[in-house]
Amino acid sequence: MTIYGDLSESSSLLNILSKIKPDEIYNLGAQSHVQVSFDVPEYTANVTGLGALRLLDVIRHLKLPVRYYQASSSEMFGKVSDDKHQNENTPFNPQSPYGLAKVFAYHLTKIYRDSYHIFASNGILFNHESPRRGITFVTRKITMGLSRVKLGLQGTLKLGNLSSQRDWGYAKDYVEGIWKILQYKTPEDFVLATGETHTVRQFVEEAAGLLKFDLVWKGKGVKEVGIDKKRNKTIIEIDPSYFRPKEVDYLLGDASKAKKLLNWKPKINFRKLVEIMLKNDFDLAKKELKLGRKVFVKKINI
Ligand code: F7E
């Protein structure tokens, strides 16, 4: 059964929750694209920040004996003061309207937990990726873009900041962690991360290697290009429109609390993650080549 609702509309949430009376709520709803949050800051604050308030407030008014999960984000850490790991005790310093909206929802979850004894927990998740990732996020953009370049479906892949570092994990591992957070005996906040960090450039290099490109970098700044030496052809270009007004340069998570209390740790490492995503997107690109762009886009919902 599908029931429609909207995080920007309290009455729809009241209607859904009073009908369903769920045992668990996972609030994964958001305007979740960091760059887009600079273009639509008010909408992002409304859905990503106030959306959590609306849900928690309905839980409070209905006195629902529910377990509530808030999808908090490593973007809340923002600009970190050193290059160490971030954990549950690291101060927040958000760098985008998205990060700030998530900080609001994070604190509200704690406030409602303490004030009204609601079982409400935050999972502070570092980047979690998979073939289901939207194609405007950098990992999927790279695996999809380089696959299409390989098959001649596009000329180059245009990217922004190649130097930012992320702790990228596999979404399936993180969903298990999310579930474990709500099964824990008390409502608490947990970081989920792999404990490894890589640059966007390293993600590109890993994917390019798997596709058997002979990638070399030439030039500097916005003039930098990635060249496939085998064919002496540019395959990566820098497009400054993908630079963010403010960047989060470095993220590296420490999930030792989740490991100790939830017995959670990720199974898929960086290399395997790139491989899984690339296989999916190379297969899709082959289908696109066979069917033609128009038929492909109609048939495959990407
Ligand atoms: O950017 C750089 C970009 O958009 C990663 C969301 O799920 O994870 C995600 O947020 C990095 C940034 O993800 C391009 O500047 C370079 O430094 O894939 P992203 P994100 O901003 O880390 C957190 C945990 C969330 O909570 C969010 O909801 O890659 N980058 N070139 C680029 N990024 C994009 N999108 N496109 C580029 O062409």
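Above this text you will find the structure in question.
A short tour of the structure in this document, coming up. (Residues numbered from 1 in each chain as written. Predicted model: local features only at pLDDT ≥ 70, side-chain atom pairs only at ≥ 80, totals over all residues. Heavy atoms only, no water.)

## A look at the site of the ligand
Rule in force here: When at least one non-hydrogen atom of a residue lies within 4 Å of a molecule or strand, that residue is treated as near it. Within 3.5 Å is the distance limit for a polar contact, defined as a pair of N or O atoms, with the added protein rule that one can donate a hydrogen and the other accept it, and that residues adjacent in sequence qualify only through two side-chain atoms. The residue classification treats Ala, Val, Leu, Ile, Met, Phe, Trp, Tyr, Cys and Pro as nonpolar and Asp, Glu, Lys and Arg as charged. All others, Gly included, are polar.
What surrounds the ligand is a group of 23 residues, the closest being Ser32, Ser73, Ser164, Arg244 and Glu247. Here an oxygen atom of the ligand and a side-chain polar atom of glutamate 247 are 2.6 Å apart. Considered class by class, the residues forming the shell around the ligand number 8 nonpolar, 9 polar and 6 charged.

## Structural notes on the packing of aromatic side chains
We apply this condition: In this scheme Phe, Tyr and Trp rings, the latter by its six-membered ring, pair at centre separations within 6.5 Å, and the angle between planes marks the pair as stacked below 30 degrees, edge-to-face above 60, and tilted otherwise. Helix and strand labels come from DSSP, where a helix needs a run of H or I of at least four residues and a strand needs a run of E of at least two; each type is numbered from the N terminus. When accessible area is computed with a 1.4 Å probe and restricted to protein chains, residues below 20% of their type maximum are described as buried, those above 50% as exposed, and intermediate ones as partly exposed. Any Lys NZ or Arg CZ found within 6 Å of a ring centre and within 35 degrees of that ring's normal is scored as a charge over the ring.
The tally for this structure, following the rule as stated, stands at 10 aromatic pairs. On the numbers, 5.3 Å between centres and 65 degrees between planes, the contact of tryptophan 168 with phenylalanine 203 is edge-to-face. A residue pair is termed long-range when its members are at least 10 positions apart, and tryptophan 168 in the loop between strand S6 (165-166) and strand S7 (169-170) and phenylalanine 203 in helix H7 (residues 200-210) qualify at 35 residues. Across the pair, exposure class does not vary: tryptophan 168 and phenylalanine 203 are buried alike. Three or more aromatic residues joined by ring pairs form one cluster here, namely Phe77, Phe92, Tyr106 and Phe126. One residue, arginine 133, lies across the ring of phenylalanine 137, its end atom 4.0 Å from the ring centre. Over the ring of phenylalanine 213 we find lysine 150, and its NZ or CZ is 4.7 Å from the ring centre.

## Some remarks on helix H3 (residues 41-62)
For clarity, the threshold we go by: Under the convention used throughout, the expected extent of a helix is 1.5 Å for every residue step, that is, one less than its residue count. For a residue, the bend is simply the angle between two axes, fitted respectively to the seven-residue segment ending there and the seven-residue segment starting there. The criterion used for residue contact is that any of the two residues' heavy atoms lie within 4.5 Å.
Under the 1.5 Å per step criterion, the end-to-end length of H3 is 30 Å for 22 residues, consistent within 8% with the ideal 32 Å. Of all the bends in H3, the largest measures some 40 degrees and sits at leucine 50. Among the residues of H3, those classed as buried are Thr44, Val47, Thr48, Gly49, Gly51, Ala52, Arg54, Leu55, Leu56, Asp57, Val58 and Ile59. Contacts from the buried residues of H3 go to helix H1 (10-20), strand S1 (24-27), helix H2 (34-39), strand S2 (67-73), helix H4 (97-116) and strand S3 (119-125). A positive backbone phi angle near 55 degrees is found at lysine 63, which sits one or two residues after H3.

## Structural notes on the packing of helix H5 (residues 138-150) against helix H9 (residues 270-291)
Stated formally: For helices, the fitted axis covers only the stretch in contact; all axes are lines through C-alpha atoms, and the angles between them, taken along N-to-C directions, range from 0 to 180 degrees. If an angle is under 35 degrees, it is roughly parallel; if it is over 145, roughly antiparallel; if it lies from 65 to 115, roughly perpendicular; otherwise it is oblique. Working rule for handedness: look at the near helix, and if it is turned counterclockwise from the far one by less than a right angle, call the crossing left-handed; if clockwise, right-handed.
Running from N to C, H5 and H9 point in directions that differ by 45 degrees, and their axes come no closer than 8 Å. Compared by their axis directions, H5 and H9 come out oblique. Every pair of crossing elements has a handedness; the one defined by H5 and H9 is right-handed. Touching Thr139, Arg140, Thr143, Met144, Ser147, Arg148 and Lys150 of H5 are Val274, Met277, Leu278, Asn280, Asp281, Phe282, Leu284, Ala285 and Glu288, all from H9.

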